[in-house]
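# Notes for the structure review
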Amino acid sequence: MDEMESKGIAADLVTFNTAIQACAKAGEVAEAMALLEEMESKGIAADLWTYNTAMKGCARAGKAGVAMKVLEEMERKGIAGDLVTYWAGGKGNGVAGGDGEQ
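So, a few notes on the structure that sits alongside this text. Counting of residues starts from 1 at the beginning of each chain's written sequence and follows it residue by residue. Reporting of local features is limited, given that this is a predicted model, to residues whose pLDDT is at least 70; pairs of side-chain atoms are given and counted only at 80 or more, and all residues count toward the totals for whole chains, interfaces and linings. To obtain the side-chain values, all non-hydrogen atoms of the structure were used and water was disregarded.

## Re helix 2 (residues 13-25)
Working definition: helices are DSSP H or I runs of at least four residues, strands are E runs of at least two. Numbering for both runs from the N terminus. By this rule the span expected of a helix is its residue count minus one, scaled by 1.5 Å. Here helix 2 is 13 residues long and its end C-alpha atoms lie 18 Å apart, about the 18 Å a rise of 1.5 Å per residue gives. If you check which residues of helix 2 are buried, you get Thr 15, Phe 16, Asn 17, Ala 19, Ile 20, Cys 23 and Ala 24. Looking at the buried positions of helix 2, the neighbouring elements they touch are helix 1 (2-6), helix 3 (29-41) and helix 4 (48-61). Of the residues that open helix 2, the one with a side-chain oxygen 3.2 Å from the backbone nitrogen of Val 14 is Asp 12. Between buried and exposed lies partly exposed: a residue is buried under 20% and exposed over 50% of the maximum accessible area for its type, with that area taken using a 1.4 Å probe on protein chains only. The contact definition used throughout considers only heavy atoms, calling two residues in contact when any of these lie within 4.5 Å. Distance and chemistry together define a polar contact, namely a pair of N or O atoms within 3.5 Å, with one atom able to donate a hydrogen and the other to accept it when in protein, and with adjacent residues in sequence counting only for side-chain atoms on both sides.

Here it is as structure tokens:
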């Protein structure tokens, strides 16, 4: 992201979503969360896909506490969840195979 911006290319929702997905798949939950904060600090609103991707990463990493914070933020912003949202939230909390670890 820094390299793009240093070349005058502004990151947008798609750019951030792609980067968050890459971090989530790699198990880099802290980095995914940092990107979520960065995008919002730049005035780019996260969407359902953003939140679902972040929560799936949390679920894969067994980070139930982080997944629940993401879900709470999403709901606070009035974004309705879908099946993926509640699957990721459930898995992160040990409901569907996650270990519930924070």
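## A short note on the pattern of salt bridges
Note on definitions: salt bridges are taken to be side-chain nitrogens of Lys or Arg within 4 Å of carboxyl oxygens of Asp or Glu. Tallied over the entire structure, the rule returns five salt bridges. Measuring nitrogen to oxygen at the nearest pair gives 3.2 Å for the salt bridge that ties Glu 73 to Lys 77. Overlapping salt bridges, with partners in common, bring together Glu 5, Glu 38 and Lys 42 in one network.

## Thoughts on the environment of Ala 54
With respect to the helices and strands, the residue Ala 54 is situated in helix 4. We classify Ala 54 as buried; its relative accessible area is 2%. Distance in space between the C-alpha atoms of Ala 54 and Ile 20 is 6.7 Å, their sequence separation being 34 residues. Beyond its immediate stretch of four places on either side in the chain, Ala 54 contacts Ile 20, Met 33 and Val 70.

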